[in-house]
Amino acid sequence: MDLMSREEFVDPEDVELLEKRCRGYRFGNRSPLFTICESEPRVVTTYQNFDSLLTPQDHVSRRTSDTYYVNSDHCLRAHTSAHQHTLMQSGLDAFLVIGDVYRRDEVDRTHYPCFHQIEGVRLYSRDELLGKKSDGENVADLFAAKPDTERLPEKQETHSLDATKASEIQLKQFLESLCDELFGKEAEKRWVDAYFPFTHPSYELEVFYNGQWLEVLGCGIMEQKLLESAGVTDKIGWAFGIGLERIAMVLYGIPDIRLFWSKDTGFLSQFVGKSPTDEVKYKQISAHPQVIFDLSFFLPTTSVQFNDMTSDVYDTIRNVGGELVEQVKLTDEFENKKKGKKSQTYRIVYRSHEKALTKEEKYGEKGKM
Ligand code: DAH
C-alpha cells in the first residue's frame, strides 16, 4: 500500500529510461503503429486479470497469497495482459500497455511486490497478414476451412497453418529486432517453447548477455477465444509481455531490484538527464551518509555567461573535491540588473566509500573552491 501512495505514481527514472528506449524503437514517440496506453487503471476486475485471459480456475496466480485483492472481484493487476480484453474491445488493433504490476512476492535481490511491464498486442486482418496475389485473389485464409478437432503443437484448432506461420514470423522478427536494439546485434538470442493460458503456440525469447542466458519476454499467438470474447471475429494476432526491472538491472548493472525504490540521490542522480540511448552503467553508492553543502557566489563580471560559468565550476568543484564529490548540481541563478551582478548556487554532495564524512572535515574546501 505504501507503493500505491507514492507521489503521483511517478515511475523510477531508471525504469522510465528503459521504457522510453523500448518505445522509441520502431514504436516512435508518437507511435504511428502502436497506440500507447499508459494510464490504464491499476485496479482491475478479476475478469480482466484472469478470466478474460483464460486463466484456469485453480491456477496459483488466483490465490490470495499471490495476488493483491481489493475485494472479491477486483485486484491490483498482476500483469499488463489484464488490459488486452478491454483495449481490443474498444477497437484497438495495435497497442502497447505500459504500467506497474503487483504480485505478493518474497522480497529479495530480484523480487519486489511491484515492478513494471510493457505489453504489446498486434491484430491482423487477412489482407494485412497475408496480402493478395497480383490478380487480386487471396493467398490464404486466416482460419482453417475445417477446424481441427484437437489442437496441434504448432497451431490452434481454428487457425490455418499459413496464418499461424505468417504471424509467428512477424512476431519473432519484431521482437528480435527490439532485442537487438536493447542488447546489441552481437548478442546471441534463442527462442524457447513456453506455456501461457492466453497464447498458443507460446514462446520465450532469451538473450546471452554478460555470460548467461537471460529471459527477456514471453509471447505467442493469441488464443482466438480471447479475441472472440472481445468482439473481434475476423482477425488473428500476437501478444508479448516484457518485465522492465530485470532487464534494466542487467543493462545498467543494477545489483538489487530494491534500488529502484531508493530515494538516495546518489542512485537517482545517475539516471537523471540521460537519454534512452545513452550507455548507462550504475556505480555502486556508498553505505555511508552524504554530507551536503551549498556554495553561492557572484560571477566575476556580468559579461560572463551563466552557461560558461557552470561548466568551469563543475570542473573546479570536482578537481578540488576529488573522488569524494558524489554529485554537483546547479540549483539557482540570479541576476540583479540594477547592481550589475550575477550569482549562482551549487549543491555539492560529498560521500566516501570508506567512512562517514563530517561537515567540519569538508568545510575548508568550500573556501578553496
Ligand atoms: N503476462 C505474462 C506474465 O506476466 C507475460 C506475457 C506472456 C504476456 C506472453 C503476453 C504473452 O502478452 O503473450 O508473466
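Residue positions within a chain follow its written sequence, with the count starting from 1. Since the coordinates come from a predicted model, pLDDT governs what is reported: local features require at least 70, and pairs of side-chain atoms require 80 or more to be given and counted, while whole-chain, interface and lining totals use all residues. Remark: hydrogens and water are excluded; side-chain values derive from all non-hydrogen atoms of the structure.

Identification of the protein as phenylalanine--tRNA ligase from Caenorhabditis japonica is taken from an unreviewed UniProt entry. UniProt positions are given in the numbering used here, feature names are shortened, and annotations may be inferred rather than shown by experiment. The Function (unreviewed entry) field of the UniProt record for the protein holds the comment "Is responsible for the charging of tRNA(Phe) with phenylalanine in mitochondrial translation." Quoted verbatim from the Subcellular location (unreviewed entry) field of UniProt, the annotation for the protein is "Mitochondrion matrix".

*Asks:* Provide a residue-level description of the side chain of S52, including the pertinent values.
*Replies:* Comment: elements are numbered from the N terminus, with helices defined as DSSP H or I runs of at least four residues and strands as E runs of at least two. Looking at where S52 falls in the secondary structure, it is placed in the loop between α2 (46–49) and β3 (69–71). Partly exposed describes any residue whose relative accessible area lies between the buried limit of under 20% and the exposed limit of over 50%, with all areas from a 1.4 Å probe on protein chains only and scaled to the type maximum. For S52, a relative accessible area of 3% corresponds to the buried category.

*Asks:* Describe the pattern of salt bridges, and please don't skip the residues or the numbers.
*Replies:* Whenever Lys or Arg places a side-chain nitrogen within 4 Å of a carboxyl oxygen from Asp or Glu, that contact is recorded as a salt bridge. Under the defined criterion, the tally for this structure stands at 19 salt bridges. Here R351 ties to D264 by a salt bridge, and the two come within 2.7 Å at their closest N and O atoms. Highlighted residues: R351 in the loop between β13 (341–350) and α10 (359–368) and D264 in the loop between α7 (244–252) and α8 (265–268), separated in sequence by 87 residues. K355 serves as the salt-bridge partner of E361, at 2.8 Å between the closest nitrogen and oxygen. The exposure class of E361 is partly exposed, given its relative accessible area of 38%. Look at K355 and you get partly exposed, because its relative accessible area is 40%. Counted as one network, the salt bridges with shared partners bring together R126, D127, K132 and D141.

*Asks:* Describe the site of the ligand, with residues and values.
*Replies:* Note on terminology: near, applied to a residue and a molecule or strand, indicates that one of the residue's heavy atoms is within 4 Å of it. Taken together, 15 residues are adjacent to the ligand, and H79, S81, R103, Q117 and E119 come closest. Nitrogen and oxygen atoms within 3.5 Å of one another constitute a polar contact, given that in protein one can donate a hydrogen and the other can accept it, and given that sequence-neighbouring residues count only through two side-chain atoms. Within the side chain of Q117, one N or O atom sits 3.0 Å away from an oxygen atom of the ligand. F240 places a main-chain nitrogen or oxygen 3.4 Å from an oxygen atom of the ligand. When residues of the shell around the ligand are traced back to their parent elements, those giving at least two are β6 (114–124), β9 (212–222) and β10 (236–243). Residues of the shell around the ligand, tallied by class, amount to 5 nonpolar, 8 polar and 2 charged. Residues are grouped as follows: Ala, Val, Leu, Ile, Met, Phe, Trp, Tyr, Cys and Pro are nonpolar; Asp, Glu, Lys and Arg are charged; every other residue, Gly included, is polar.

*Asks:* Give a detailed account of the UniProt feature "domain: FDX-ACB" (unreviewed entry) in the protein, specifying residues and quantitative values.
*Replies:* Residues annotated by UniProt as "domain: FDX-ACB" (unreviewed entry) correspond here to residues 286–369. As a span, residues 286–369 carries 31% helix and 36% strand, and end to end its C-alpha atoms are 24 Å apart.

*Asks:* Could you give me a rundown of the packing of aromatic side chains, with the residues and numbers involved?
*Replies:* Planes of paired rings set the category: under 30 degrees apart is stacked, over 60 is edge-to-face and the rest tilted, where pairs are Phe, Tyr or Trp rings (Trp by its six-membered ring) whose centres lie within 6.5 Å. Evaluated as defined, the whole model comprises 16 aromatic pairs. Ring geometry for F174 and W238: centres 5.4 Å apart, planes at 35°, overall tilted. Of this pair, F174 sits in helix α5 (residues 161–183) while W238 sits in strand β10, and the two are 64 residues apart along the sequence. The exposure class assigned to F174 is buried, which follows from its relative accessible area of 6%. The exposure class assigned to W238 is buried, which follows from its relative accessible area of 1%. Relative to F271, the ring of F267 has its centre 5.2 Å away and its plane inclined at 50°; by these criteria the two rings are tilted. On the basis of relative accessibility, which here comes to 0%, the residue F267 falls in the buried class. Taking the relative accessible area as the measure of exposure, F271 reaches 1% and is therefore buried. Of the aromatic side chains, those joined through ring pairs into one cluster are F34, F174, W238 and F240. Here, a charge over a ring is recorded when the distance from Lys NZ or Arg CZ to the ring centre is within 6 Å and its angle to the ring normal is within 35 degrees. Geometry around W213 places R190 over its ring, the cationic atom sitting 4.0 Å from the centre. The lysine or arginine in question, K359, covers the ring of F293, its NZ or CZ lying 5.1 Å from the ring centre.

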